Amino acid sequence: MLANDENVVKDDVIISCDNLVKIYKTDEIEVVALQGLDLEVKRGELMAIVGNSGSGKSTLLNMLGGLDKPSAGSLYIDGRNLLKFGEKDYIDYKRNVVGFVWQNNARNLVPYLTALQNVEMPMLLKGAKEKRERATYLLKKVGLEKRMNSRLDQMSGGEQQRVAIAIALANKPKILLADEPTGSVDTKTSAAILDIFKELNKSEGITIVIVTHDVKLARHIDRVVAIRDGRTSSEIIRKKSYADELSELKAADAENGEAEEQEDIHEELAVLDRSGRVQLPREYLDALEIKGGSKVKVELSEDRDRIVVFRSD
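Residues numbered from 1 in each chain as written. Predicted model: local features only at pLDDT ≥ 70, side-chain atom pairs only at ≥ 80, totals over all residues. Heavy atoms only, no water.

(A) Main features of the packing of helix α3 (residues 115-126) against helix α5 (residues 157-168). Where α3 contacts α5, the axes come no closer than 8 Å and their chain directions differ by 30°. Taken together, α3 and α5 sit at an angle that is classed as roughly parallel. Note that α3 runs across α5; the crossing there is right-handed. Of the residues in α5, those in contact with Ala-115, Asn-118, Val-119 and Pro-122 of α3 are Val-163, Ala-166 and Ile-167. In terms of residue class, the contact of α3 with α5 is built from six nonpolar, one polar and no charged. (Axes fitted to C-alpha atoms, helices over the stretch in contact; angles between N-to-C directions. Helix = DSSP H or I, 4+ residues; strand = E, 2+ residues; numbered from the N terminus. Parallel < 35°, antiparallel > 145°, perpendicular 65-115°, else oblique. Left-handed = near helix turned anticlockwise from the far one by under 90°. Contact = heavy atoms within 4.5 Å. Nonpolar A, V, L, I, M, F, W, Y, C, P; charged D, E, K, R; others polar.)

See the structure below:
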């Protein structure tokens, strides 16, 4: 990922976290939210980050969004070293590099303005030209061409979230960060919002990172990274891309009248960090009745193609 010193990140990588650490301190308590996290995201990729409450995913999102500063490690985004950012650097970064979609869309929506006026707001602050054309284009992209002149307080939750996506794209960011974007809508609306993200990723070429606690996203996104205890623990990779699977299902449906349900369409792979550490899946630990702090026996199999873990009683 990154070598020592200030070596340049690979050209096709837009987000590079290497041994990233975040420590929150008060007078009495020190909390390590990120404990040496490694992550790479390629330019133009659509991926999700999942994890339970307290796993560190929200802290990572704040790092990527320029809302909080790392304590240690390396964090390069679009070739910029965020650990060396000053206040002006962060202002420029948040205006021009990243767009944010919040679960609570009240954070960036003005309810008494129309959808069109809301999308124009970030461009007014930046002084961008052709604001009306850009806002109209984005609202059409998110399927709200008939609701442009409606006030936000006249819209449903799903429609408001679509406006929030358009606002996040107003200043043409290179990265779109979404914090639980489907957490406050129903299943049907959630699927529609995910379809919007996929279409924007394809048509605009924008890198999209979705942070959520919902592991079901693995059914709709080709790459899902799981975080546990402040580290990358595993990646859920689809064996076949979602687009390819949909094409095959449609073809089967047209030919046979119904499509057979796919099974085992993705696999979860454990991730080793730079020091060779790996987090075993929780269900494996439960099955072996291994608790945190326990001692285990690790052996290399006779044919040297497997690592075997035994409980040590």
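(B) Spatial organisation of the packing of aromatic side chains. All chains considered together, the criterion is met by three aromatic pairs. Between Phe-100 and Trp-102 the ring centres are 4.1 Å apart and the planes differ by 5°, which places this aromatic pair in the stacked class. Exposure remark for Phe-100: the relative accessible area of 12% places this residue in the buried category. Taking relative accessible area as the criterion, Trp-102 reaches 12% and is therefore assigned buried. Ring pairs connect the aromatic residues Phe-85, Tyr-90 and Tyr-93, which therefore count as one cluster. (Phe/Tyr/Trp six-rings, centres within 6.5 Å; stacked < 30°, edge-to-face > 60°. Buried < 20%, exposed > 50% of the residue type's maximum accessible area, 1.4 Å probe, protein only.)

(C) Main features of the pattern of salt bridges. Inspection of every chain in the model, using the stated rule, returns 15 salt bridges. When salt bridges with common partners are traced through the structure, they connect Arg-43, Asp-78 and Lys-174 into a single cluster. (Salt bridge = Lys/Arg side-chain N within 4 Å of Asp/Glu carboxyl O.)

(D) Geometry of the pairing of strand β3 (residues 46-50). Of all five residues in β3, five are buried, a share of seventy percent or more. Burial along β3 is two-sided: the residues Leu-46, Ala-48 and Val-50 and Met-47 and Ile-49 are all buried. Sheet topology places β3 next to strand β8 (residues 207-212); five bridges connect them, and they run parallel. Bridging from a neighbouring strand, Ile-49 pairs with Val-211 of β8. (Pairing = 2+ DSSP bridges.)

(E) Spatial organisation of the nonpolar core. In this structure, Val-119, Leu-139, Val-163, Ile-165, Leu-176, Phe-197 and Ile-210 are the most contacted members of the largest nonpolar core, which totals 40 residues. Looking at this core, the elements with two or more residues in it are β3, α3, α4 (131-141), α5, β7 (175-179), α6 (187-204), β8 and β9 (223-228). Broken down by element, this core gets its largest block of residues, six residues, from α5. If sequence neighbours within four positions are ignored, Phe-197 has contacts with Ile-165, Leu-176, Ala-178, Pro-181, Ile-208 and Ile-210. If you look at the next biggest cluster of nonpolar residues, it comprises 30 residues, including Val-41, Leu-64, Leu-177 and Ile-227. (Core = buried A, V, L, I, M, F, W, Y, C linked by side-chain atoms within 4.5 Å.)

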